[in-house]
Amino acid sequence: MKYILVTGGVISGVGKGVIASSFGTLLSACGIPITCIKIDPYINIDAGTFSPFEHGEVYVLDDGGEVDLDLGNYERFLDVVLHRHNNITTGKVYKNVIDGEREGKYLGKTVQVVPHITDEIQEWVERVAKTPVKDNVEPKVCIIELGGTIGDIEGMPFVEAFRQFQFRVKKENFCVAHVSLVPSPRATGEPKTKPTQASVRELRGLGLSPDLIVCRSENPIGDEVKEKISNFCHVAPEQVITIPDLSSIYHVPLMMEQAGVVDIVNERLQLNLTVPRPPGFMQSWRDLAERVENVYKKVNIALVGKYTRLEDAYASVSKALMHASIAVGYKLELKFIEACNLERDVKRQNPHLYYDAWHTLTNSHGIIVPGGFGTRGVEGKMRACQWSRENKKPMLGICLGLQVAVIEFARNVLKLEDAASTEVDEETPHPLVIDMPEHNPGSYGATMRLGKRTTIFKGDSKIRKLYNGVDHIEERHRHRYEVNPEYVAELEKHGMRFVGHDKDKQRMEIVELDNHPYYVATQFHPEYLSRPLKPAPAFLGLILAAVGKLDSYLTTGQLRRQQLNNQNHQLLTCESSSDDDLQHQRRTRPLNGSPEKSKKGASPTKQNGVTTPTTVTETITNGKPS
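For clarity, every value in this text was computed on a predicted model and none was experimentally measured.

**Here we look at the overall build of the protein chain**
Then step 1. For the protein chain, the count of helices and strands is 21 helices and 25 strands.
Then step 2. Expressed as a percentage of contacts within the protein chain between residues at least 6 apart in sequence, the contacts between residues at least 24 apart total 73%.

This is the structure we're talking about:
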């Protein structure tokens, strides 16, 4: 087993997650099975109880693990399925050691940070590194990202553990990549290397010497700066890699490949990779990055959320919207709306915020109402759902988004004016949304309905067609409240159809509104399974509806999927339905790298039996997005 440790210096949030994912992308493209581990030095057992304002979104895995959002980067870049043990925290490590001490594991010895905590860390890494994460194949390279920055007191046990670990697994099986910031103060206008020098000096003082230094900067830095870092940090110039801010994260693996990272890692870890690289190496990523750069049409989506002060709180939702937009051939313009600002009280208190929020909402091409917890902003989310429903604006609700859509419908269509969720009003006479007793034991942390669950489709629906007409799907959940089944029949009688439910037909999983371009809400979180080349069907439907092409896609897509069922194409181009489309058809490149003109034939890609497009090129007229 080979190990790549990715550390960070100067500041947190410097991009270690994307760099670690890019290492995996490059090696995976070389045919090497990869796994990833994220280490978070905080004492929490997991990320489940974090405030989105402080730490960003909580990412959920198949097994129900609530983990750091960086594991979402790993899964999206590498198209793997990670497990809860791929996220190590100080809390987990200490809990294991303390539990072992209570069971007599240490035979009465004094339990200390060294060697007991550091040994536990090393054993955990070795154990998890062998666990398959794709196609049941044991990984050969494990990429480990150490959260925080070198010098943080809470990270010291982990640094010491890896100082020992490099001798435990031998030098040829372990390398260190240090990601550091190279700032360019406006006062001087030139890149400053002192922070990186100090960071590397501290890392070396703790017993770890970097084999690669990845320099992050706002603008490109020249060879002179690289030479300076090389001289003062004791690495060869070619081992100093510069990654400036880029227009898309999909360019990062390509830039690292161009800088020779594969050859450096190949030599350092003795991977015996073929040189030169095979034809078509990283071609799918080149095509993806090219498509992202060359889209010229825009689609405006309004995200009505509760945690919009920190965009990372909706990281997976943003990425899923981007994946779908790229597939459809549009550039995503995502506008964040604080749900509270849509409420009537704000109109009196701060009319500027109120009218700005409504202007953004009403000028969008589509709306997404994501999940959340607590009472704040619920009324604003309901008003967004009501506006979407009454004005035929495409809308996708997720988790809490489904619940507020149901409550709004009950209030304004069924005329149950006091309808509410018991999360908001425990005494409501019409509890449209109730808690699940088995998932609400009175304590927090891993007590919700978590992880991958099966959803059974019922009847015909747009969302089912987007999932290729399958009988059931498996998606990831994270919720403690559900739609009250006692009201389902009455809701369906008035046009709100529950087109997906769980195996026991007790929990409503998907709702779809009749006579609406696209009004869909899911109790599960489809964003967690979205991939750059395989967008989540629910998000794909929203973007297609927002640009006015959903009906065309659903009508022609069924026939095309039948015709091309036995073909192995990876590029899908949707049939044009306007004269303007014909004028703007562009050359597109399929994933095998050979040029090919957009054409009426469509080629699907599949994810868990679901056909989704890789590219759709269209232009919309008559007041639609452009």
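**Concerning the pairing of strand 6 (residues 141-146)**
Then step 1. In terms of burial, strand 6 is a largely internal element, six of the six residues being buried.
Then step 2. Neither face of strand 6 is open: one carries Val141, Ile143 and Glu145, the other Cys142, Ile144 and Leu146, and all of them are buried.
Then step 3. Sheet topology note: the strand 1 (residues 2-9)/strand 6 ladder contains five bridges and is parallel. Paired with Leu5 across the two strands is Ile144, which belongs to strand 6.
Then step 4. In the sheet, strand 2 (residues 34-40) pairs with strand 6 via six bridges, with the strands oriented parallel.

**Quick notes on a nonpolar patch on the surface**
Then step 1. A cluster of nonpolar side chains, namely Tyr94, Ile98, Val113 and Val114, defines an oily patch on the protein surface of about 320 Å² accessible area.
Then step 2. Broken down by secondary-structure element, the contributors of at least two residues to the nonpolar patch are helix 4 (90-102) and helix 5 (113-129).
Then step 3. With respect to the secondary-structure elements, Val114 resides in helix 5.
Then step 4. Owing to a relative accessible area of 44%, Val114 belongs among the partly exposed residues under this scheme.

**Some details on the sheet that holds strand 8 (residues 212-217)**
Then step 1. If you walk across this open sheet you meet the seven strands as 5-2-6-1-7-8-9, and the pairing is parallel. The open sheet is flanked by strand 5 (87-89) and strand 9 (240-244), the only strands paired with a single partner. In this sheet, neighbouring strand axes are inclined to one another by 20° on average, regardless of whether the strands run parallel or antiparallel.
Then step 2. Across seven bridges, strand 1 lies against strand 7 (residues 174-181) in parallel orientation. Counterpart to Thr7 in the pairing with strand 7 is His178.
Then step 3. Helix 5 rests against strand 1, strand 2, strand 5 and strand 6 of the sheet, and its axis sits at about 150° to strand 2.

**Side note on the packing of aromatic side chains**
Then step 1. Counted according to the given criterion, the structure contains 13 aromatic pairs.
Then step 2. Between Tyr250 and Trp285, the ring centres sit 5.7 Å apart and the planes meet at 50°, which makes this aromatic pair tilted. You can see Tyr250 sitting in the loop between strand 9 and helix 9 (252-258) and its partner Trp285 sitting in helix 11 (residues 283-294), a full 35 residues away along the chain.
Then step 3. Judged by relative accessible area, which is 1%, Tyr250 ranks as buried.
Then step 4. Taking 6.4 Å as the distance between ring centres and 55° as the angle between the ring planes, the aromatic pair formed by Tyr354 and Trp358 counts as tilted. In this pair, Tyr354 and Trp358 both sit in helix 14 (residues 351-362), four residues apart, roughly one turn of the helix. Per residue, the accessibility class of Tyr354 equals that of Trp358, and both read buried.
Then step 5. Here a set of aromatic residues connected by ring pairs shows up, and it is made of Tyr3, Phe162, Phe165 and Phe174.
Then step 6. The ring of Phe232 carries Lys194 above its face, with NZ or CZ at 6.0 Å from the centroid.
Then step 7. One cation-aromatic arrangement involves Lys297 over Tyr330; the distance from NZ or CZ to the ring centre is 4.8 Å.

**Comments concerning the nonpolar core**
Then step 1. Ile4, Phe23, Ile143 and Val265 are the most contacted members of the largest nonpolar core, which totals 51 residues.
Then step 2. Among the elements that line this core, the one with the most residues is helix 1 (residues 16-29), at six residues.

**Things to note about the pattern of salt bridges**
Then step 1. Taken as a whole and assessed by the stated rule, the structure comprises 34 salt bridges.
Then step 2. Where Lys38 meets Asp40, a salt bridge forms, and the shortest distance between an N and an O atom there is 3.1 Å. One exposure class covers both Lys38 and Asp40, and it is buried.
Then step 3. For Arg286, the salt bridge identified is with Glu257, shortest N-O distance 3.1 Å. Taken together, the positions of Arg286 in helix 11 and Glu257 in helix 9 put the pair 29 residues apart, joining distant regions of the chain.
Then step 4. By sharing partners, the salt bridges in this structure join Asp62, Glu75, Asp79, Lys452, Glu474, Arg476, Arg531 and Lys534 into a single network.

**A word on unusual backbone geometry**
Then step 1. A cis amide bond links Val114 to the next residue, Pro115, at an omega of 20°.
Then step 2. The backbone of Lys392 sits at a positive phi, close to 60°, despite the residue not being glycine.
Then step 3. Lys392 sits in the partly exposed class, given a relative accessible area of 43%.
Then step 4. Positive phi outside glycine occurs at Cys399, with the angle close to 60°.
Then step 5. Counting through the fold element by element, Cys399 comes out in the loop between strand 13 (395-398) and helix 16 (400-412).
Then step 6. What makes Cys399 buried here is its relative accessible area of 5%.

About the cut-offs
Residues numbered from 1 in each chain as written. Predicted model: local features only at pLDDT ≥ 70, side-chain atom pairs only at ≥ 80, totals over all residues. Heavy atoms only, no water. Helix = DSSP H or I, 4+ residues; strand = E, 2+ residues; numbered from the N terminus. Contact = heavy atoms within 4.5 Å. Buried < 20%, exposed > 50% of the residue type's maximum accessible area, 1.4 Å probe, protein only. Pairing = 2+ DSSP bridges. Patch = residues over 30% accessible without salt bridge, like charges linked within 9 Å, V, L, I, M, F, W, Y side chains within 5 Å. Areas by Shrake-Rupley, 256 points an atom, 1.4 Å probe, with all protein chains shown as cover. Salt bridge = Lys/Arg side-chain N within 4 Å of Asp/Glu carboxyl O. Axes fitted to C-alpha atoms, helices over the stretch in contact; angles between N-to-C directions. Phe/Tyr/Trp six-rings, centres within 6.5 Å; stacked < 30°, edge-to-face > 60°. Lys NZ or Arg CZ within 6 Å of the ring centre and 35° of its normal. Core = buried A, V, L, I, M, F, W, Y, C linked by side-chain atoms within 4.5 Å.

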